[in-house]
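Descriptive analysis of the structure
Chain residues, written in single-letter form:
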Amino acid sequence: MVWFIRPARADDVDALLVLAGQTGGGFTNLPPDRDALARRIGWSCESFAREGALPHDELYMLLMEEAETGRIGGSAMIFSRLGGEWPFYTYKIATVNQTSKELGRNITMEVLHLTNDFNGSAEVGGLFLLPELRAEGLGRLLARSRYLFMARHRARFPTRVVAELRGWHHPDGSSPFWDGLGRKFFEMPFQEADHFNSLHGNQFIADLMPRYPIYTALLPEDARAVIGKPHDTGVPALKLLEKEGFIYEGYIDIFDGGPTVFAYIDNIRTVQQCRPLAVADGALAEGGAVSALLAKGTLHDFRAWQSSAAETAQGLSLTAAETRLHGLEAGETISHVAA
């Protein structure tokens, strides 16, 4: 099977709905709602078509397609600038030290501050791969294709980029963090609040969530236990992010308490290592091991894939079949990064 990454098109909505139906919930960026997905694809198509380089409020939706069948096996998204239409909220874990001379006691406690610290940053999200494909090494291609896109369109993105990891949930989909905190102010179960957020945005958080610091000691024990803990299915994604240079500094999702990590775009490993190379005239022998991630084209014509490739004096040598599949020509400049 040969897979490649491309921008989403208007006729992908049904395939994307199939993906959304297999996420198990909790994926705000991929709601199992056809109309909502159609709106997201429309937003993405407008973003790819927008002239001008500076980040505004774009969504770039990328899909992974099987070349032989056209089947869609995964999705990944990039939001160019958070906080444009509504603020981007996170909790920041801080410590408070309190001393009583009369009691001779010094107490250190954790508190949660509601912040907009990442307004203006980009965000990578919406990463989902069909379960049967996760042993194929395709998750790395899907995740890193976003950084290849950012490297090829650097002016369209700001200095920082964040990623929200899905927080820990019970098997029934309920969230201990939400039940211990958010539900007390919104009087709705986690799934309902999460679904509302995916369809309408999180302005209702600003309307109803308390602005004052929240002492974590006042939360139930099971809620405290999952603060900053990713869902089991999100652990591989977190490892990929950390390998790229993302760090966790105590920011968590306001709904389920999952970790929010961030990086400076120019320091991301894939962005740093991405190099332009010309396609060599000579063809590489078929059947080599995957050794590189490659990308070509801009905006609507962007495409990324993984490949066996060899650097030569004439440029990057690829197999003849691959050159035909991706419409490459000798001398054409493409992006290359070690797999």
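Residues numbered from 1 in each chain as written. Predicted model: local features only at pLDDT ≥ 70, side-chain atom pairs only at ≥ 80, totals over all residues. Heavy atoms only, no water.

With respect to the secondary-structure elements, histidine 231 resides in the loop between helix H8 (221-225) and helix H9 (235-244). Residues in contact with histidine 231, not counting those within four places in the same chain, are Arg166, Gly167, Trp168 and His169. (Helix = DSSP H or I, 4+ residues; strand = E, 2+ residues; numbered from the N terminus. Contact = heavy atoms within 4.5 Å.)

Let us now look at the confidence of the model for the protein. Mean pLDDT over the protein: 89, with 95% of residues reaching 70 or higher. Ranking the helices and strands of the protein by mean pLDDT puts strand E10 (residues 259-264) first, with 98, and helix H7 (residues 203-208) last, with 68. (pLDDT = per-residue confidence, 0-100.)

Let us now look at the packing of aromatic side chains. This structure, assessed with the given rule, holds 13 aromatic pairs. Between phenylalanine 118 and phenylalanine 262, the aromatic rings sit 5.5 Å apart at their centres with planes inclined by 50 degrees, giving tilted as the arrangement. Of this pair, phenylalanine 118 sits in the loop between strand E5 (105-115) and strand E6 (122-129) while phenylalanine 262 sits in strand E10; the two residues are 144 residues apart in sequence, bridging distant segments of the chain. Of the two residues, phenylalanine 118 and phenylalanine 262, neither departs from the other in class, the shared state being buried. Counting every residue linked through ring pairs, the aromatic cluster contains Phe48, Tyr60, Phe149, Phe157 and Phe302. When the ring centre of phenylalanine 262 is taken as origin, the NZ or CZ atom of arginine 160, which lies over that ring, is 5.7 Å away. Here the basic side chain of arginine 303 rests over the ring of phenylalanine 4, its NZ or CZ set 3.9 Å away from the ring centre. (Phe/Tyr/Trp six-rings, centres within 6.5 Å; stacked < 30°, edge-to-face > 60°. Buried < 20%, exposed > 50% of the residue type's maximum accessible area, 1.4 Å probe, protein only. Lys NZ or Arg CZ within 6 Å of the ring centre and 35° of its normal.)

Here the focus is the packing of helix H1 (residues 13-20) against helix H2 (residues 34-49). The geometry of H1 relative to H2 is characterised by a closest axis approach of 10 Å and an angle of 120 degrees between their N-to-C directions. What the angle tells us is that H1 and H2 run oblique. Both H1 and H2 take part in a crossing whose hand is right-handed. In contact with Val13, Asp14, Leu16, Leu17 and Ala20 of H1, H2 contributes Arg34, Leu37, Ala38 and Ile41. (Axes fitted to C-alpha atoms, helices over the stretch in contact; angles between N-to-C directions. Parallel < 35°, antiparallel > 145°, perpendicular 65-115°, else oblique. Left-handed = near helix turned anticlockwise from the far one by under 90°.)

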